[in-house]
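# Secondary and tertiary structure notes
Next come the chains, spelled out residue by residue.
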Amino acid sequence: MTLCLGNELSLSDDQLQRYGKHLILPGIGEEGQRRLLRARVFIVGAGGLGSAVGYYLTAAGVGTIVVVDDDSVELGNLQRQIAHSRRKIGQPKVYSAKDTFESLNSDVAVIPIRHRLSIENIHELLNGYDIIVDCSDNFPTRFVINDFCVLTGRTLVTGAVSRFEGQVMVVTSEGPCYRCIFEEPPKPDVAPQEEGILGAVPGVIGSLQAIEALKLILGIGEVLKGHILIYDALKASFRKVAAPKNPGCPACGTRR
């Protein structure tokens, strides 16, 4: 049963049970959970990082989640991309992810967009979303997303993984941004080396990205603005490294 209190819907009996562990947390409670249910988050990529991010944002009750990806599920994805399964091989990843996430929580609407995000379509696709979670797997896309978020005042939660390591950073319009650290993407004529990845590492980094997005929605805690959190699986260690703003940064710098 759902009751209307003024202009605000109260949580249903099912929601009170589903989100019970949220409701007793300081800084969340019913108002925070309603904020999550109203939230709209855009996830770029439905691979290893996007799987973990999508799972936890869905479980938390983030009301609208957009997932953009142009790829299809392959057998080699299943070692780390837990939104997909063997029976989904050959399906577009965004539709596979929608099915997986919505089967977890019917409170959440997952909007699949089967496109490759690019400089030509980013303004159209990301319009209306304040929190962008970058789960892409290539430098050009990361730079396009970073520059768009800085230009339009969106908040970006960016993550990356390689081999046994991963990193997470939050970018706001004031910076520092991704370009403050990595000024330019690798040249197109430099062929990227094929790298392996320990399958659970994207789960760790994607979970951290989801936590940062949830903190941003709820307005609680300290987000990773101005720092990069680096995880080393082999050393079982985390390092929080300061990422100073670059005044000459072409995206967020004061000397543009």
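What counts and how
- Residues numbered from 1 in each chain as written.
- Predicted model: local features only at pLDDT ≥ 70, side-chain atom pairs only at ≥ 80, totals over all residues.
- Heavy atoms only, no water.
- Patch = residues over 30% accessible without salt bridge, like charges linked within 9 Å, V, L, I, M, F, W, Y side chains within 5 Å.
- Areas by Shrake-Rupley, 256 points an atom, 1.4 Å probe, with all protein chains shown as cover.
- Salt bridge = Lys/Arg side-chain N within 4 Å of Asp/Glu carboxyl O.
- Helix = DSSP H or I, 4+ residues; strand = E, 2+ residues; numbered from the N terminus.
- 1 Å grid on protein atoms, 1.4 Å probe; cavity = no way out; pocket = protein on both sides within 12 Å on 5 of 7 lines; lining within 4 Å.
- Points joined across faces, edges and corners; volume = space filled by probe spheres on them.
- Nonpolar A, V, L, I, M, F, W, Y, C, P; charged D, E, K, R; others polar.
- Pairing = 2+ DSSP bridges.
- Axes fitted to C-alpha atoms, helices over the stretch in contact; angles between N-to-C directions.
- Core = buried A, V, L, I, M, F, W, Y, C linked by side-chain atoms within 4.5 Å.
- Buried < 20%, exposed > 50% of the residue type's maximum accessible area, 1.4 Å probe, protein only.
- Contact = heavy atoms within 4.5 Å.
- Expected span 1.5 Å × (residues − 1).
- Arc of directions from axis to C-beta.

## As for a nonpolar patch on the surface
A surface patch of nonpolar side chains, amounting to about 290 Å² of accessible area, comprises Phe164, Leu198 and Leu234. With respect to the element layout, Phe164 can be found in the loop between strand S7 (155-162) and strand S8 (165-171).

## Considerations on empty space enclosed by the protein
One pass over the full model with this rule turns up one cavity of 30 Å³ or more. In this structure, the largest cavity encloses a volume near 40 Å³. Along the walls of the largest cavity sit Thr158, Gly159, Gln167, Val168, Met169, Tyr178 and Ile228, which together make up its complete lining. Among the secondary structure elements, those contributing two or more residues to the lining of the largest cavity are S7 and S8. Tallying contributions element by element places S8 first for the lining of the largest cavity, with three residues. Grouping the constituent residues of the lining of the largest cavity by class yields four nonpolar, three polar and no charged.

## Notes on unusual backbone geometry
Phi at Arg163 takes a positive value of approximately 60 degrees, unusual for a residue other than glycine. Here Arg163 is to be found in the loop between S7 and S8.

## Things to note about the sheet that holds S7
With mixed pairing, eight strands are arranged side by side in an open sheet as S5-S4-S3-S6-S7-S8-S9-S10. A single partner strand is all that each edge strand has here, and the edge strands are strand S5 (109-113) and strand S10 (237-242). Within the sheet, the average angular offset between the axes of one strand and its neighbour, ignoring direction, is 15 degrees. Pairing between strand S6 (residues 131-134) and S7: four bridges, direction parallel.

## Description of the nonpolar core
In terms of nonpolar packing, the biggest core is built from 36 residues, with Val41, Ile43, Leu57, Val62 and Val133 touching the most fellow members. For this core, the elements supplying multiple residues, two or more each, are strand S3 (40-44), helix H4 (48-60), strand S4 (64-68), helix H5 (93-104), S6, S8, helix H9 (201-218) and strand S9 (227-232). Per-element tally for this core: the top contributor is H9, with seven residues. If we ignore the near neighbours within four places in the chain, the residues touching Ile43 are Gly50, Val53, Gly54, Leu57, Ile65, Val66, Val67, Val68, Val133 and Cys135. With 26 residues, the next largest nonpolar core counts Leu117, Phe148, Cys149 and Leu156 among its residues.

## Quick look at the environment of Gln91
Counting through the fold element by element, Gln91 comes out in the loop between S4 and H5. A relative accessible area of 29% places Gln91 in the partly exposed class. Separated by 142 residues in the primary sequence, Gln91 and Ala233 place their C-alpha atoms 31 Å from one another. Not counting residues within four places of it along the chain, the set of residues in contact with Gln91 comprises Ser72, Val73 and Ser96.

## Quick notes on H5
Taking 1.5 Å of rise per residue, the twelve residues of H5 would be expected to cover 16 Å, and the 17 Å separating its terminal C-alpha atoms lies within 8% of that figure. Residues of H5 that are buried include every one of Lys93, Val94, Ser96, Ala97, Thr100 and Phe101, and no others. Taken down its axis, H5 places every buried residue within 160 degrees of arc, on the same side. Close packing links the buried residues of H5 with H4, S4 and S5.

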